[in-house]
Amino acid sequence: MFEFIVNILASVGLTLIITESFLFEPIRSKISKSSEKIGYLFRCPMCMGVWMGACVGWVYGADIFKSAMLTSLLSLIVMSVINLLSYLSDFLFSKMEEVNLSDE
């Protein structure tokens, strides 16, 4: 069970690196230019999560369907939390600037 959880977390990490990282941006841009549908796959954490989870599940002999679905779901949740925290920090930062400007 522990090995399965580690595989899922590794799949989620790989998914987010491929779909969101600065490192893969040139690759995502080239793929998007050549094929709109495959480009969407490389920009969608939930979509890429299915394939990444299935591949990692297959390599490690886990249930491919369960691995794919859990990776997809966790990738969506992690990206939603990251986006929420990013938007919240931007909002709080703008409010702090407003307060600092009004104090002057």
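Structure: see above.
All figures in this text were calculated on a predicted structure; none of them were measured in a lab.

**Topic: the side chain of S11**
For step 1, the next point in the chain: Structurally, S11 can be placed in helix α1 (residues 2-20).
For step 2, the next point in the chain: Under the relative-accessibility criterion, S11 is labelled buried at 0%.
For step 3, the next point in the chain: Among the polar contacts listed, one links the side chain of S11 to the backbone oxygen of N7, at a separation of 2.8 Å.
For step 4, the next point in the chain: Discounting residues that sit within four places of it in the chain, S11 has contacts with M52, G53, V56 and T71.

**What to know about the side chain of T15**
For step 1, the next point in the chain: Examined against the element boundaries, T15 turns out to sit in helix α1.
For step 2, the next point in the chain: At a separation of 2.7 Å, a polar atom in the side chain of T15 contacts the main-chain carbonyl oxygen of S11.

**Details of helix α4 (residues 45-59)**
For step 1, the next point in the chain: Here α4 spans 20 Å end to end across 15 residues, near enough to the 21 Å set by a 1.5 Å rise per residue.
For step 2, the next point in the chain: When α4 is considered as a whole, its buried residues turn out to be P45, M48, G49, M52, G53, A54, V56 and G57.
For step 3, the next point in the chain: G61 sits one or two positions beyond α4 and adopts a positive phi of about 75°.

Rules used in this analysis
- Residues numbered from 1 in each chain as written.
- Predicted model: local features only at pLDDT ≥ 70, side-chain atom pairs only at ≥ 80, totals over all residues.
- Heavy atoms only, no water.
- Helix = DSSP H or I, 4+ residues; strand = E, 2+ residues; numbered from the N terminus.
- Buried < 20%, exposed > 50% of the residue type's maximum accessible area, 1.4 Å probe, protein only.
- Polar contact = N/O pair within 3.5 Å; in protein donor to acceptor, adjacent residues only side chain to side chain.
- Contact = heavy atoms within 4.5 Å.
- Expected span 1.5 Å × (residues − 1).

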